[in-house]
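Fold and contact review
Listed below, chain by chain, are the residues.
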Amino acid sequence: MIRLFKVKEKQKELAENANGGSPIRKQTAGELRLHKDISELNLPKSCSISFPNGKDDLMNFEVSIRPDEGYYLGGTFLFSFQVSPTYPHEAPKVKCKTKVYHPNIDLEGNVCLNILREDWKPVLNINTVIYGLYHLFTEPNYEDPLNHDAAAVLRDNPKMFESNVRRAMYGGYVGQTYFQRCM
């Protein structure tokens, strides 16, 4: 019986090649899981997802977050996601493409979010990561920083931190660093 299936698969492959079509590439387990995660997304109204390389490239996409409360209210922040074929056993690689004054995001766009590193588990999904990123904007954490200067200001002088965030979001300098407008 196993031979019968192999013969049928071979016939199908030969027929596709004879018709000039390329053989159909099988999806990896990571692609299948990601497809499921994306189809089940339940994002807040302030978040959106896009596929700059088209819907055929599910493994690379962007998420836009527009916080509706907190220090970053009114800003728009773009994140790129690169998902490995071994997903969900490996966390997606996430980078912030918008330069932002934030204790948990450095000036190169690296993101400090525990579920993207040591606390990642295969039961987590893309929806969880997006909510985690959203939470970074509503509750920035100065205790586990990537941008130590921003964390120190948030810890020691929240009013100054708020002023720096506003200056950065409207497009301007905070210290020696220039930030593009993201409002």
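Predicted, not measured: the structure shown is a model, and the values here were computed from it.

Grouped together as the largest cluster of nonpolar side chains are 44 residues, with contacts concentrated most on Leu-34, Phe-61, Phe-79, Phe-81, Val-111 and Leu-133. Of all the secondary structure elements, the ones that give two or more residues to this core are α2 (29–39), β2 (60–65), β3 (77–82), β4 (93–96), α3 (126–138), α4 (148–156) and α5 (158–169). It is α3 that provides the largest number of residues to this core, a total of 7 residues. Non-local contacts of Phe-61, meaning those with residues more than four positions away in its chain, are made with Leu-34, Ile-38, Ile-49, Ser-50, Phe-51, Pro-52, Phe-79, Ser-80, Phe-81, Val-83 and Ile-126.

The tally for this structure, following the rule as stated, stands at 1 cavity of 30 Å³ or more. Size it by volume and the largest cavity reaches roughly 50 Å³. Around the largest cavity, the lining residues are Tyr-72, Phe-77, Lys-99, Val-100, Tyr-101, Val-165, Ala-168, Met-169, Phe-179, Gln-180 and Cys-182. No other element matches α5, which puts 3 residues into the lining of the largest cavity.

Here the focus is the pattern of salt bridges. A full pass over the atoms with the stated rule returns 5 salt bridges. For the salt bridge of Arg-155 with Asp-156, the shortest nitrogen-to-oxygen distance reads 3.0 Å. Classification of Arg-155 as partly exposed rests on a relative accessible area of 45%.

On to the sheet that holds β3. Ordered by their spatial adjacency, 4 strands build an open sheet running β1-β2-β3-β4, and the pairing between neighbours is antiparallel. Every interior strand has two partners, whereas the edge strands, β1 (47–50) and β4, have only one. Pairs of neighbouring strands in the sheet enclose a mean axial angle of 25°, with direction left out of account. Along the sheet face, α3 touches β1, β2, β3 and β4 and points at about 150° away from the line of β3.

Time to look at the UniProt feature "active site" (unreviewed entry) in the protein chain. The positions UniProt marks with the feature "active site" (unreviewed entry) are Cys-112. Classification of Cys-112 by relative accessible area gives buried; the value is 13%. Cys-112 has contacts with Asn-104, Arg-117, Leu-136, Asp-144 and Leu-146, leaving out every residue within four places of it along the chain.

When its volume is computed, the second largest pocket comes out at roughly 160 Å³. Residues of the lining of the second largest pocket, tallied by class, amount to 5 nonpolar, 1 polar and 4 charged.

Looking now at α5. With 12 residues, α5 extends 16 Å between its outermost C-alpha atoms, agreeing within 8% with the 16 Å of an ideal straight helix rising 1.5 Å per residue. Looking at α5, one finds that the buried residues are Phe-161, Asn-164, Val-165, Ala-168 and Met-169. Buried residues of α5 fall within an arc of 125° about the axis and therefore sit on the same side. Where α5 is buried, its residues meet β3, α4, β5 (172–174) and β6 (177–179). Phi for Gly-171, located one or two positions after α5, is positive at around 90°.

Quick notes on the rules
- Residues numbered from 1 in each chain as written.
- Predicted model: local features only at pLDDT ≥ 70, side-chain atom pairs only at ≥ 80, totals over all residues.
- Heavy atoms only, no water.
- Core = buried A, V, L, I, M, F, W, Y, C linked by side-chain atoms within 4.5 Å.
- Buried < 20%, exposed > 50% of the residue type's maximum accessible area, 1.4 Å probe, protein only.
- Helix = DSSP H or I, 4+ residues; strand = E, 2+ residues; numbered from the N terminus.
- Contact = heavy atoms within 4.5 Å.
- 1 Å grid on protein atoms, 1.4 Å probe; cavity = no way out; pocket = protein on both sides within 12 Å on 5 of 7 lines; lining within 4 Å.
- Points joined across faces, edges and corners; volume = space filled by probe spheres on them.
- Salt bridge = Lys/Arg side-chain N within 4 Å of Asp/Glu carboxyl O.
- Pairing = 2+ DSSP bridges.
- Axes fitted to C-alpha atoms, helices over the stretch in contact; angles between N-to-C directions.
- UniProt positions renumbered as here; feature names shortened; annotations may be inferred.
- Nonpolar A, V, L, I, M, F, W, Y, C, P; charged D, E, K, R; others polar.
- Expected span 1.5 Å × (residues − 1).
- Arc of directions from axis to C-beta.

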